[in-house]
Amino acid sequence: MPVGAVEGRPASADDILSGLDPEQHAVAATPTGPMCVLAGAGTGKTRAITHRIAYGVWSGTYHAHQVLAVTFTARAAGEMRTRLRSLGVPGVQARTFHAAALRQLQYFWPQAVGGAPPEVVAQKAPAVAEAAGRLRLRLDRPALRDLASEIEWAKVNLITPQNYPQEVAGKRDGVAGLDPTAVARLMSTYEDVKGERHTIDFEDVLLLMVGILDAHPRIAASVRDQYRHFVVDEYQDVNPVQQQLLDLWLGGRQEICVVGDPAQTIYSFTGASPTHLLEFPRRHPKATVVRLVRNYRSSPQIVQVANLVLGAGARGGIELRAEGAAGPAPGVTAYPDDMAEAAGVADAIRELIGTGTPASQIAVLFRTNAQSQAVESALASRDVPYLVRGGERFFSRTEVRQALLLLRGASRGDSGSAPLGTAVRDVIGGAGWSPEPPAAGAASRERWESLEALANLADDLSASEPELRIAGFVAELDRRATEQHAPTVQGVTLASLHAAKGLEWDAVFLIGCSEGLMPISMAEGAERIEEERRLLYVGLTRARRDLRLSWAAARGAGGRAGRKPTRFLQPAARVLGMTTGPGSRPSAPAARKPRRPKNCRTCGAVLESAAERKIGRCADCPPTYDEATFDRLRAWRLEISREQEVPAFVVFTDATLTAIAETGPDSVDALSQIPGVGPRKLALYGDDVLTVLAGQEVVHTSRKDS
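Worth saying up front: this structure is predicted, and the values here are computed from it rather than measured.

### Remarks on the overall build of the protein chain
Part 1 of the reasoning: The helix and strand tally for the protein chain stands at 29 helices and 16 strands.
Part 2 of the reasoning: By residue count, 51% of the 706 residues in the protein chain fall in the buried class.
Part 3 of the reasoning: When the accessible surface of the protein chain is totalled, it reaches about 32100 Å², and 50% of it is carbon and sulfur.

Put into structure tokens, the structure is as follows:
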């Protein structure tokens, strides 16, 4: 039995193969030799390759410490390590290309170069700015970012400052208003700045390791003796320098399994190319090629749309075959302008949450980050929590780091007299956690949701390990931080299509499905257009059950309705219920009827925000409800939310609870007239609310909402 195998994990090599579909089984049951796995979205590629590794170890074909599994994100590497540990093979190294190369560079630097290895800088911009200053170039921040990206692109494509002008001639536009010769001079000066500071960037890590392995046969032999079997995930995203490093790791051997999907190649601007994946069988003539086509993630309706949109646009792409249960039909909604689209999406999300879909299982995806702002405002005005993906990592957030510090300090004094969840909540109160979420402020709400995620994780761990104390909880958090395995945070995810890669949700709202955004207006040429199509395909295949597409005819309210739906949806127009034919221009969506003004019941002022209109009072006027009644309602809501294990706002938002307290309904009919009290919530909570308003005690049995 492999080291680390415990009860509940596989008992034999045969157990590893049980439960796999025929294609996954073909991958896992052949743990040696070259293999190319063409894996469509949602087809269980991570399951297939982790079982392949585990089967190789359990069958005695190779040792866990001789395997290096490489992927592109720390989150994916952490997920792979977690799965391998559950399969009883914790000794496998699963790392990103950069992490694996950096570890080797730091170890071998004294032998190959001598002295301490240089420091790796996280940002290029300061050194680029200094290089520009030395050349007396006046550049603003966007120009510096563009130049930093160009330097990165050149390095991963093995282009030096000396040959840069020749390599980009006729292929790339000027960068930051500079001609290729000026860019090459800046690149050279940038290298001088780093050399003087004894620093390197992330691309240097790969380039230097390539140079060391190529120039030092003994070091190369040492690495090849350590790692004898390789697995590369997301192989369609490999760039030239990563491929060169991989070739040097292999040293001519054939023990490599690559996994990827040409239809999900969306990072060509960073140097990624599906060519390495598609040409793998030619470079490895004895390679076994397996196609994973069974999609277990999405409903058949979503898979059908994704297949139609992709069509023949992705070279070497796979037509998915749906294996999941049927779901609602995806559709396209047209709005008069961007603000109306954001409002419509936010209303639909609030309705979804109200009918039981967790906020953490809902995402809003978009092509550009600028599209996020309108949605953020619309969600915030409706008291719907959200998280913007692509910002700070969970364990890097200030409130999380502060909570961890407090928990470390409290671990020594934990007597075990209180349940773990209670003990953790008592401690993280010092970092800003409270039993009730903050009433307003998106940033405050996001901080609270981070701390609430820690508290909920403590509850979950305690349920499976009742003896777990704060010290063990801290150790688990340290492990998760290392693997970037963040706990689930209750909030709607807002993410660009690029940032959504590798993720999935029950419900996905894909906004901005119009020409100019999909494809983006700057995409020129057939190759760039097809990459935009693949980007939309990635977004579509993030949804499990509910997929809703939308577009807006104009940017601002009252603006010219000059937009039209993206051409990419035309192959699926009939399935999506679009009435316009290919190439035709749809009529602009009808403007919504203007809302009748609603006035404050106290001062008579026109109510502007949705929250004000809901409670019938402007923010400047004092509350008109009885505070004792409102406190009883809040206490009841907190009890119900804990019983049902959902955030309090899922029961009733603060605005709805305030409206109930201020209106004081005395019947079911009167309660049903309050915005936010729909038929489902009326059935679930109506009697309770009326009992609380009557000043009586609510008595009920457990009724956890399924």
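Back to the text.
### What to know about the sheet that holds strand β2 (residues 67-71)
Part 1 of the reasoning: An order of β3-β2-β6-β7-β1-β8 is seen for the 6 strands of this open sheet, with the pairing classed as parallel. Pairing within the sheet leaves two strands with one partner each, and these edge strands are β3 (93-96) and β8 (288-292). Shown here is a sheet whose adjacent strand axes are inclined to one another by a mean of 15 degrees, direction ignored.
Part 2 of the reasoning: As defined by bridge partners, β2 adjoins β3 across 4 bridges and the pair is classed as parallel.

### A short note on the packing of aromatic side chains
Part 1 of the reasoning: Following the criterion strictly, the structure yields 9 aromatic pairs and no others.
Part 2 of the reasoning: A ring pair is formed by Tyr 235 and Phe 280, whose centres lie 6.3 Å apart and whose planes are at 90 degrees; its orientation type is edge-to-face. One end of the pair, Tyr 235, is in the loop between β6 (229-232) and α12 (240-250); the other, Phe 280, is in helix α14 (residues 280-283), with 45 residues separating them in the sequence.
Part 3 of the reasoning: Here the aromatic rings of Trp 636 and Phe 652 are separated by 6.2 Å at their centres, their planes lie at 35 degrees, and the arrangement is tilted. Placement of the pair is Trp 636 in helix α25 (residues 627-644) and Phe 652 in the loop between α26 (648-651) and α27 (654-663), with a sequence separation of 16 residues. When sorted by exposure, Trp 636 lands in the same class as Phe 652, which is buried.
Part 4 of the reasoning: Here the aromatic cluster, defined as three or more aromatic residues joined through ring pairs, consists of Phe 72, Phe 97, Phe 230 and Trp 249.

### Some thoughts on the UniProt feature "binding site: ATP" (unreviewed entry) in the protein chain
Part 1 of the reasoning: Those places that UniProt annotates as "binding site: ATP" (unreviewed entry) correspond, in this numbering, to Ala 39, Gly 40, Ala 41, Gly 42, Thr 43, Gly 44, Lys 45 and Thr 46.
Part 2 of the reasoning: Of note, Thr 43 is situated in the loop between β1 (35-39) and α3 (45-58).
Part 3 of the reasoning: The class of Thr 43 is buried, set by a relative accessible area of 2%.
Part 4 of the reasoning: Residues in contact with Thr 43, not counting those within four places in the same chain, are Gln 24, Leu 292, Val 293, Arg 294, Asn 295, Tyr 296 and Leu 320.
Part 5 of the reasoning: A distance of 2.6 Å separates the side chain of Thr 43 from the backbone oxygen of Gly 40, its partner in a polar contact.
Part 6 of the reasoning: Note that Lys 45 resides in helix α3.
Part 7 of the reasoning: Discounting chain neighbours no more than four positions away, the residues touching Lys 45 are Ala 39, Asp 233, Glu 234, Val 259 and Leu 292.

### Quick word on the environment of Asp 146
Part 1 of the reasoning: Among the structural elements, Asp 146 can be located in helix α7 (residues 141-156).
Part 2 of the reasoning: With 21 residues separating them in the primary sequence, Asp 146 and Ala 125 have C-alpha atoms 9.5 Å apart.

### Observations concerning unusual backbone geometry
Part 1 of the reasoning: Looking along the chain, the bond that leaves Met 518 and enters Pro 519 is cis, with omega of 0 degrees.
Part 2 of the reasoning: Considering the arrangement of structural elements, one finds Pro 519 in the loop between β15 (505-510) and α22 (526-540).
Part 3 of the reasoning: The phi torsion at Arg 136 lies on the positive side, around 60 degrees, for a residue other than glycine.
Part 4 of the reasoning: The exposure class assigned to Arg 136 is exposed, which follows from its relative accessible area of 78%.
Part 5 of the reasoning: Although it is not a glycine, Glu 234 adopts a positive phi angle of roughly 50 degrees.
Part 6 of the reasoning: Along the chain, Glu 234 turns up in the loop between β6 and α12.

### Some thoughts on the packing of helix α5 (residues 97-112) against α12
Part 1 of the reasoning: At a minimum axis distance of 12 Å, the contact between α5 and α12 shows a crossing angle of 55 degrees. When the axis of α5 is compared with that of α12, the two are oblique. Like other packed secondary-structure pairs, α5 and α12 cross with a definite hand, here left-handed. On α12, the residues that touch Phe 97, His 98, Ala 100, Ala 101 and Gln 104 of α5 are Gln 242, Leu 245 and Trp 249.
Part 2 of the reasoning: Class assignment for the residues of the contact of α5 with α12 results in 5 nonpolar, 3 polar and no charged.

Reading the values: the criteria
Here the residue numbers are simple positions, counted from 1 along each chain's written sequence. In keeping with the predicted nature of the model, local features appear solely for residues at pLDDT of at least 70, side-chain atom pairs appear and are counted solely at 80 or more, and the whole-chain, interface and lining totals rest on all residues. Derived side-chain values reflect all non-hydrogen atoms in the structure, with water molecules and hydrogen atoms excluded from consideration. Secondary structure counts use DSSP, requiring at least four H or I residues in a row for a helix and at least two E residues in a row for a strand, with both numbered from the N terminus. For each residue, the accessible area found with a 1.4 Å probe, counting protein chains only, is set against the maximum for its type, and the residue is called buried under 20%, exposed over 50%, and partly exposed in between. Each accessible area value is a Shrake-Rupley result obtained with a 1.4 Å probe; residue values ignore everything except the protein chains displayed when judging cover. Pairing between strands is defined by DSSP: at least two bridges between the two strands are required. The axes are straight lines fitted to the C-alpha atoms, using for helices just the contacting stretch, and the angles between their N-to-C directions are given from 0 to 180°. Side-chain rings of Phe, Tyr and Trp (the six-membered ring for Trp) are treated as a pair once their centres are within 6.5 Å; stacked means planes under 30 degrees apart, edge-to-face means over 60, and tilted covers the remaining angles. UniProt positions are given in the numbering used here, feature names are shortened, and annotations may be inferred rather than shown by experiment. The contact definition used throughout considers only heavy atoms, calling two residues in contact when any of these lie within 4.5 Å. Two N or O atoms form a polar contact when they lie within 3.5 Å of each other; inside protein one atom must be a possible hydrogen donor and the other a possible acceptor, and for residues adjacent in sequence the pair counts only when both atoms belong to side chains. When an angle is under 35 degrees it counts as roughly parallel; over 145 it counts as roughly antiparallel; between 65 and 115 it counts as roughly perpendicular; any other value is oblique. It is the rotation of the near helix from the far one that decides the hand of a crossing: anticlockwise by less than a right angle makes it left-handed, clockwise makes it right-handed. Each residue receives one of three labels: charged for Asp, Glu, Lys and Arg, nonpolar for Ala, Val, Leu, Ile, Met, Phe, Trp, Tyr, Cys and Pro, and polar for the others, Gly being one of them.

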